[in-house]
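For reference, the chains in residue letters:
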Amino acid sequence: MTPIQIKNVQESFAMIAPDRDQVARMFYDRLFQQDPALRPKFTSDMAEQRRKLMTALKLTVHSLDRIGGMVPVLRDLGVRHVIYGVKDEDYDTVGAALIWTLEQGLGEAFTEELKQSWIAAYTLIADTMLEGAHIAKCA
């Protein structure tokens, strides 16, 4: 990611952070609308799941400019997702739900440049998680 993309993602995340529960609620509603088969993978309290999502996003977004330190954490998260039954193709569905949610939450501020910045961030995160998942599957 470029420094400008990182700045774009961090600044726009700060814009949605005050409404984090509503943003997370929109995300999961969209995710389950796109792929209802994903719903049973979330057996825990959804309020807690929404909180975990936004906490993980905050940590990752704030670490984009030093992502190397997050690589082991993201790979481990990918391993845990294998245990939860997440498939490689689910990452595309999650990415689409995230981008849609950001577009809805940011409205006119969600420019094409910002969209491409978020796609770059999500791709980096998902690819790193998938590395961990693939290592776990091969072990």
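Parameters at a glance
- Residues numbered from 1 in each chain as written.
- Predicted model: local features only at pLDDT ≥ 70, side-chain atom pairs only at ≥ 80, totals over all residues.
- Heavy atoms only, no water.
- Helix = DSSP H or I, 4+ residues; strand = E, 2+ residues; numbered from the N terminus.
- Polar contact = N/O pair within 3.5 Å; in protein donor to acceptor, adjacent residues only side chain to side chain.
- Contact = heavy atoms within 4.5 Å.
- 1 Å grid on protein atoms, 1.4 Å probe; cavity = no way out; pocket = protein on both sides within 12 Å on 5 of 7 lines; lining within 4 Å.
- Points joined across faces, edges and corners; volume = space filled by probe spheres on them.
- Nonpolar A, V, L, I, M, F, W, Y, C, P; charged D, E, K, R; others polar.
- Core = buried A, V, L, I, M, F, W, Y, C linked by side-chain atoms within 4.5 Å.
- Buried < 20%, exposed > 50% of the residue type's maximum accessible area, 1.4 Å probe, protein only.

With respect to the side chain of Arg50
Moving on, step 1. Positionally, Arg50 belongs in helix H3 (residues 46-62).
Moving on, step 2. A distance of 2.8 Å separates polar atoms of two side chains, one belonging to Arg50 and the other to Asp21.
Moving on, step 3. Excluding its chain neighbours within four sequence positions, the residues that come into contact with Arg50 are Asp21, Ala24, Arg25 and Tyr28.

Some remarks on the layout of surface pockets
Moving on, step 1. Quantified by volume, the largest pocket comes out at close to 1000 Å³.
Moving on, step 2. In terms of lining residues, the largest pocket is bounded by 34 residues, among which Gln49, Leu53, Leu77, His81 and Met129 are the most central.
Moving on, step 3. Elements with a contribution of two residues or more to the lining of the largest pocket: helix H2 (20-34), H3, helix H4 (71-83), helix H5 (90-106) and helix H6 (112-138).
Moving on, step 4. Residue composition of the lining of the largest pocket, by class: 23 nonpolar, 6 polar and 5 charged.
Moving on, step 5. The calculated volume of the second largest pocket comes to roughly 180 Å³.
Moving on, step 6. The set of elements that each furnish at least two residues to the lining of the second largest pocket consists of helix H1 (3-16), H2 and H3.
Moving on, step 7. Top element by residues in the lining of the second largest pocket is H3. It accounts for 6 residues.
Moving on, step 8. For the lining of the second largest pocket, the class distribution of residues is 4 nonpolar, 2 polar and 5 charged.

Digging into the nonpolar core
Moving on, step 1. Formed by 37 residues in total, the largest nonpolar core has its most connected members in Phe13, Leu102 and Trp118.
Moving on, step 2. The set of elements that each furnish at least two residues to this core consists of H1, H2, H3, H5 and H6.
Moving on, step 3. Ranked by the residues each element gives to this core, the list is headed by H6, at 8 residues.
Moving on, step 4. When near neighbours in sequence (up to four residues on either side) are disregarded, Leu102 contacts Ile16, Gly107, Phe110 and Trp118.

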